[in-house]
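Tertiary structure, described
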Amino acid sequence: MLLLVAACQEKEALKPPPSKNYSQTATSQQEDFLYELSISKPTFIEGESIKITAKLTYVGQAQNVIIYHGGSPFLFNLQETTRNFEIPSVMDTPLITRILERNVPYEEIYTSGGVYDEFSEPKLVEFMKQTMKGHFPKGHYIVKGSTDFYTEDPNEQKTEYKPSATIEFNVQ
């Protein structure tokens, strides 16, 4: 006697279940400045909104401090390791003055980006067009976040700060 068992599922049931909602965070500190890079979860389903957040907190003794930076104090450089594509940060270069209050984080959320030119491979162009719309194709991503700013003392001596951190996520 031969027994054969077979089962069928609808295609909809084959989708992976949503990831648990927990944060992945990396921090670094340079003197009186704490930098934090975070993402809401490590795995996303293709088409799902991805929120990457950078925070800079002054933790020194003074009530506040003035920092000087370009269009943003934050840089978000991404690498998609499956295809080995880089998604560099693009920065406006005006000099901006910002006051950071002690223990009050200044926060920005990553906005989609991408760069290509007429000499880029067609696969890279298509990939960048998608990321520029905020859509991350399936793959493994490494986010190398950093800050780039300086302070001045009363004698106008500049001190540069560039703390950085790295996080990763997957898109299925």
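This part takes up helix α1 (residues 122–132). Taken as a whole, α1 has its buried residues at Leu124, Val125, Phe127, Met128 and Thr131. Each buried residue of α1 sits inside an arc of 165° when the element is viewed along its axis, so together they form one side. Among the exposed residues of α1, those oriented more than 90 degrees off its buried face are Pro122 and Lys123. Each element contacted by the buried residues of α1 is listed here: β5 (64–80), β6 (85–87) and β9 (139–152). Positioned one or two residues after α1, Gly134 has a phi angle of 85°, which is positive.

On to the sheet that holds strand β1 (residues 24–30), then. The strand order across the open sheet built from 4 strands is β1-β2-β4-β8, with neighbouring strands paired in antiparallel fashion. One side of each edge strand has no neighbouring strand; the edge strands of this open sheet are β1 and β8 (106–109). If you compare each strand with its neighbour and ignore which way they point, the axes differ by 15° on average. In the sheet, β1 pairs with strand β2 (residues 33–39) via 7 bridges, with the strands oriented antiparallel. Following the sheet pairing, Thr27 is matched in β2 by Glu36.

The backbone of Glu31 shows a phi angle near 55°, a positive value even though the residue is not glycine. Within the secondary structure, Glu31 is located in the loop between β1 and β2. Located in the positive-phi region is Asn84, a residue other than glycine, with phi close to 60°. Positionally, Asn84 belongs in the loop between β5 and β6. For Asn84, a relative accessible area of 53% puts it in the exposed group.

Conventions we followed
- Residues numbered from 1 in each chain as written.
- Predicted model: local features only at pLDDT ≥ 70, side-chain atom pairs only at ≥ 80, totals over all residues.
- Heavy atoms only, no water.
- Buried < 20%, exposed > 50% of the residue type's maximum accessible area, 1.4 Å probe, protein only.
- Helix = DSSP H or I, 4+ residues; strand = E, 2+ residues; numbered from the N terminus.
- Arc of directions from axis to C-beta.
- Contact = heavy atoms within 4.5 Å.
- Pairing = 2+ DSSP bridges.
- Axes fitted to C-alpha atoms, helices over the stretch in contact; angles between N-to-C directions.

These figures capture arrangement, not role.
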